[in-house]
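Each chain is listed here by its residues.
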Amino acid sequence: MADLLTRLTDRKAWTRAVYDPQVRAVVFQALLVLVLALVATEIVLNTAANLKKQNIASGFDFLTRTAGFDVSQSLLPYTSKSTYGQAFLVGLTNTLLVAALGVVLATALGFVLGIARLSPNWLASKLALAYVELVRNVPLLLQLLIWYVAVLRAFPAPGDALALPFGAYLDKRGLHLPHIALAHGGWLALSILAALALAWWLKRRAKQDQKSGPAHSPSLRSAGWVLAGLVPVIVLIWSSLGATVRYPVLGRFNYEGGLSIEPEFLALLIGLTTYTAAFIAEIVRAGLSGVPRGQREAAAALGLSRRQALRLVILPQALRIIIPPLTNQYLNLTKNSSLAVAIGYPDLVSVFSGTVLNQTGQAVEVILITMAVYLLISLATALAMNAFNARTAWAER
Amino acid sequence: MTQESSSSKLSPHAARRGDPQRAFLDWAREALFPSPGQALVSLALIVLAGWIAFAFLEWAVFNAVFSGSDGGACRAAPLGACWPFITHKMGLFLYGRYPDAELWRVNLTYVLALAGLVPLMVPGVPYKLALSLYMLLVFPVIAFILLSGGVLGLPYVDTALWGGLLLTLVIASVGIAASFPLGILLALARRSDLPIVRWSAIGYIELVRGVPLVTVLFMASVMLPLFLPPDVTIDKLLRALVGVALFSAAYLAEVIRGGLQAIPRGQYEAADALGLGYWKKMGLIILPQAIRLVIPGLVNSFISLFKDTSLVLIIGLFDLIGIVEQSVQADAKWFSPQTAATGYFFAGAVFWIFCFAMSRYSSSLERKLASRVRS
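Quick caveat: nothing in here was measured; it's all calculated off a predicted structure.

Some details on the overall build of chain B
Counting secondary structure elements, chain B contains 17 helices and zero strands. The C-alpha extent of chain B, read off along each of the three principal axes, is 70 × 60 × 40 Å. Counting every position in chain B, which comprises 375 residues, the buried fraction comes to 33%.

Shown next as structure tokens:
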């Protein structure tokens, strides 16, 4: 007891403790935890008080209540009698749809532009540069408004729609495509799956053969590749012979019968694609010029053509530089798809954080769910791209 | 013009021959028509570029309307730009509904900002530290008093009246100024040895970077009032500013962290050897070097923040794009087929000039930094 008392009153011991990094670390972190906890409690208490004052319910029961509003585009069955939970799913699938298509198209356009930036053709490289500088420096929101209001909505009314090839029409209500229903869809899917599996197996065998010498005769291997390529084509021809095509026909107010794509979706897809492609082009250019000059010269010395050198030597190495920032662009595109709310495409934010929030008033739950969904999408994309990156990146010598 | 000038750049031996026409032809053959395939591509691109340029001129000049006091003349020319819409609304686009009699206050704020920014951005001008302190500590106070008023005999101007380019600039600069110290703290915390501090920073940064700005703005506009005590009301603009600052702090933190990581270990160890404590080590040795290293990245963050300010349209604030959009959609007097396109073109041009100038500045800094490192 007396011992403890002397230790507590020993001034030197206290001074030592105050200057001890370990003691400081513990105290500092304890303070941080305390401050964070205080802020969190304050927020929770205030929110509870405010919600009670405004008579807003809390909890997630609202997800099972009837929504009572319509959604202009939906991949899932949805009517105004569906629940808020179903409205959430519709918004989520719409977001995923536009993000997935946007990622594919923006990658294709971005690679073309990035390669054109380094083209020996002066005009091609300057035009690609002009495109990148023009698109990168204008806000995406403005570009979406331009595509939606100034371009797509400025098309003529259905009566004088612009006729496109293959029986398609473009008017201010969107793009109307022929609807093609292939016969024997099940067989088609099965044959494509079988061909993919065969190709994957052949590729694996080829890798093993490269290491330990061929196990099968080359003609057998070529036969396998021909089979993998030919079977789906034959099945496709067979199923398109029995396919039914419904062309869009001008009804009383609108084109009917075909596959109609809403102008909101088109504007968002075009805007996201063209905007992200400008950033991807710069990434691709940086990646391609990041490959040492000697590699290009070595490829030329081996007698490879420019195209072969690009495909076999430059691109595989450039991909190692390109993939991490490319992942960021994919995530940006997905997050930017939330700007759909400005042009009325029913994505997650527009349907859920917009309409559902306004109707139920349950801001906390709705916004937390929305943020959690985007976080999950970001995390999943990052994980998938990291796995892909781990496969493409190879060890330095 | 540009072809002439770049011809001398691209093939000096041709230019040396002294015949500019010959030099141009040589250059064109080398750069545009080296092989039949490339020649076809070049021809197609020349047609494409010419078509785009002609279509633009047709819209902006040949078919355009240049005068008029309402949309009547524009309705008569459905294929050309409606320029009087811009000239008549210029005040609205630049200042929002800020009272005409008080506009000198906005302009004075711009002049004071330029007086601090220009010498700060031009390399070689002394007093950089004093200027940065002026911009970070003194200028914001003066700007707030000037713009908002209510003291010193200046009439109060409600933030609901601020709009257009003024609001865009206010949100972007307050956003960057407020998020800068926060970003430094987050970057330091993320590289801290204390696990709780580090994991809090990682959690915050990754959380914010994983969600779109739109949801953060929704949160700031809908949830922030719920978080505060019931008797506190918070200005709509302030809510947006809080959202923008919290959002961009996470991105700035990552940029600054890049700079911290690039500082050689020896600098940290030298500071330790001198007996400097953590804050002195960071404030005097590490941060000055790290921040100078990432200035191009900071400018790039500012460019994206500047573009992102347009999103406040979604929570009902009228920045440049918001006010153009509102005038396009809601003003029946100026309704015409090309009003929207003209308005968007104007807003796009203003944003483009700002962003392009900033990106040029950032890349010139980058080149300067790169050359300094190499030498």
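Looking at the overall build of chain A
Helix and strand content of chain A: 14 helices and eight strands. Taking 21 Å as the expected radius of gyration for a compact globule of 397 residues, we find that chain A reaches 29 Å, considerably beyond that expectation. Across its three principal axes, chain A shows a C-alpha extent of roughly 95 × 65 × 45 Å. Residue burial in chain A is summarised as follows: out of 397 residues, 31% are buried. Nonlocal contacts in chain A, meaning residues at least 24 apart in sequence, comprise 67% of its contacts between residues at least 6 apart.

Remarks on the domain arrangement of chain A
Interface size is commonly expressed as the accessible area that is lost once the parts come together. We note that the domain assignment places domain 1 (17-52), domain 2 (89-165 + 261-392) and domain 3 (179-246) within chain A. If you average the C-alpha positions of domain 1 of chain A and of domain 2 of chain A, the two centres end up 41 Å apart.

Considering the pairing of strand 2 (residues 168-171) of chain A
Here three bridges tie strand 1 (residues 162-164) of chain A to strand 2 of chain A, and the two strands are oriented antiparallel to one another. Residue pairing in the sheet places Leu162 of chain A in a bridge with Leu170 of chain A of strand 2 of chain A.

A closer look at the domain arrangement of chain B
Residue and element names in this part refer to chain B. Taken as a whole, chain B is organised into domain 1 (2-76) and domain 2 (87-374). Using C-alpha coordinates to define each centre, domain 1 is positioned 38 Å away from domain 2. Listed per partner, the contact involves four residues of domain 1 and six residues of domain 2. Partitioning the side of domain 1 that touches domain 2 into residue classes produces one nonpolar, one polar and two charged.

Points about the nonpolar core
Counting 151 residues, the largest nonpolar core has Leu141, Leu144, Leu145 and Leu268 of chain A together with Leu217 and Tyr344 of chain B as the members making the most contacts within it. The contacts of Tyr344 of chain B, once residues within four sequence positions are left out, are Leu142, Leu145, Ile146 and Ala150 of chain A together with Val324 of chain B. Judged by nonpolar contacts, the second largest core, of five residues, contains Ala161, Tyr169, Leu170 and Leu175 of chain A.

What about the sheet that holds strand 3 (residues 174-177) of chain A?
Residue and element names in this part refer to chain A. With respect to topology, four strands assemble into an open sheet ordered 1-2-3-8, the strand pairing being antiparallel. Sheet topology places strand 1 and strand 8 (259-261) at the edges, where each strand pairs with a single neighbour. Direction aside, the axes of adjacent strands within the sheet are offset by 20° on average. Where strand 3 meets strand 8, three bridges bridge the pair, whose relative direction is antiparallel. Its bridge partner lying in strand 8, Leu177 is registered against Leu259.

A few points about the interface of chain B and chain A
With 46 residues of chain B at the contact, the number on the chain A side is 47 residues. At the level of elements, helix 4 (36-62), helix 10 (195-210), helix 11 (213-227), helix 16 (320-330) and helix 17 (339-374) of chain B are the ones that each hand at least two residues to the side of chain B that touches chain A. In terms of residue count, helix 17 of chain B provides more of the side of chain B that touches chain A than any other element does, ten residues in total.

Some remarks on the environment of Ala390 of chain A
Tracing the sequence through the fold places Ala390 of chain A in helix 14 (residues 363-392). Between the C-alpha atom of Ala390 of chain A and that of Gly251 of chain A, which follows or precedes it by 139 residues, the distance is 54 Å.

Some words on the packing of helix 4 (residues 84-117) of chain A against helix 11 (residues 306-336) of chain A
All names here are of chain A. Where helix 4 meets helix 11, the axes come as close as 9 Å, and the angle between the chain directions of the two elements is 140°. On the basis of their axis angle, the class for helix 4 and helix 11 is oblique. The hand of the helix 4/helix 11 crossing is right-handed. Here Ala99, Gly102, Val103 and Ala106 of helix 4 lie close against helix 11, whose contacting residues are Tyr330, Leu333 and Thr334. Residue classes in the contact of helix 4 with helix 11 are distributed as five nonpolar, two polar and no charged.

Notes on the packing of helix 9 (residues 164-190) of chain B against helix 10 of chain B
All names here are of chain B. Remark: helix 9 packs on helix 10, axes separated minimally by 7 Å, with the N-to-C direction vectors making an angle of 125°. For the element pair helix 9 / helix 10, the angle class is oblique. The hand of the helix 9/helix 10 crossing is left-handed. Two secondary-structure elements touch here, helix 9 through Leu186, Ala189 and Arg190 and helix 10 through Val197, Arg198, Ser200, Ala201, Ile202, Tyr204 and Ile205. Considering only residue class, the contact of helix 9 with helix 10 consists of seven nonpolar, one polar and two charged.

Side note on the pairing of strand 3 of chain A
As defined by bridge partners, strand 2 of chain A adjoins strand 3 of chain A across three bridges and the pair is classed as antiparallel. Residue pairing in the sheet places Leu170 of chain A in a bridge with Leu175 of chain A of strand 3 of chain A.

Observations concerning the environment of Leu227 of chain A
Residue and element names in this part refer to chain A. Structurally, Leu227 is set in helix 8 (residues 218-241). On the basis of neighbour count, Leu227 is assigned to the partly exposed category, with 14 C-beta atoms found within 10 Å. Along the chain, Leu227 and Leu198 lie 29 residues apart, while their C-alpha atoms are 8.6 Å from each other.

Some remarks on the environment of Gln362 of chain A
Residues and elements named next belong to chain A. Here Gln362 is to be found in the loop between helix 13 (348-360) and helix 14. With 171 residues separating them along the chain, Gln362 and Ser191 place their C-alpha atoms 49 Å apart. Setting aside residues no more than four positions away along its own chain, Gln362 makes contact with Ile56, Ala57, Ser58 and Phe62.

Observations regarding the confidence of the model for chain A
Model confidence for chain A is summarised by a mean pLDDT of 82, while 96% of its residues fall at 70 or above. Mean pLDDT in chain A bottoms out at helix 1 (residues 2-9) of chain A, which sits at 71, and peaks at helix 9 (residues 263-289) of chain A, which reaches 91.

Some remarks on the confidence of the model for chain B
Residue and element names in this part refer to chain B. Scored by pLDDT, chain B has a mean of 81; 94% of the residues are at 70 or more. This stretch, residues 1-9, has a pLDDT under 50; its non-local contacts, to residues over four places away or in other chains, come to eight contacts. Both scores are given for the predicted complex: the pTM is 0.83, the ipTM 0.84.

Rules used in this analysis
Residues numbered from 1 in each chain as written. Chains lettered and ligands numbered in written order. Predicted model: local features only at pLDDT ≥ 70, side-chain atom pairs only at ≥ 80, totals over all residues. Helix = DSSP H or I, 4+ residues; strand = E, 2+ residues; numbered from the N terminus. Buried ≥ 20, exposed ≤ 12 C-beta atoms within 10 Å, placed from the backbone. Rg over C-alpha atoms; globule rule 2.2 N^0.38 Å. Contact = placed C-beta atoms within 7 Å. Domains from an automatic or database assignment. Pairing = 2+ DSSP bridges. Nonpolar A, V, L, I, M, F, W, Y, C, P; charged D, E, K, R; others polar. Core = buried A, V, L, I, M, F, W, Y, C linked by C-beta atoms within 7 Å. Axes fitted to C-alpha atoms, helices over the stretch in contact; angles between N-to-C directions. Parallel < 35°, antiparallel > 145°, perpendicular 65-115°, else oblique. Left-handed = near helix turned anticlockwise from the far one by under 90°. pLDDT = per-residue confidence, 0-100.

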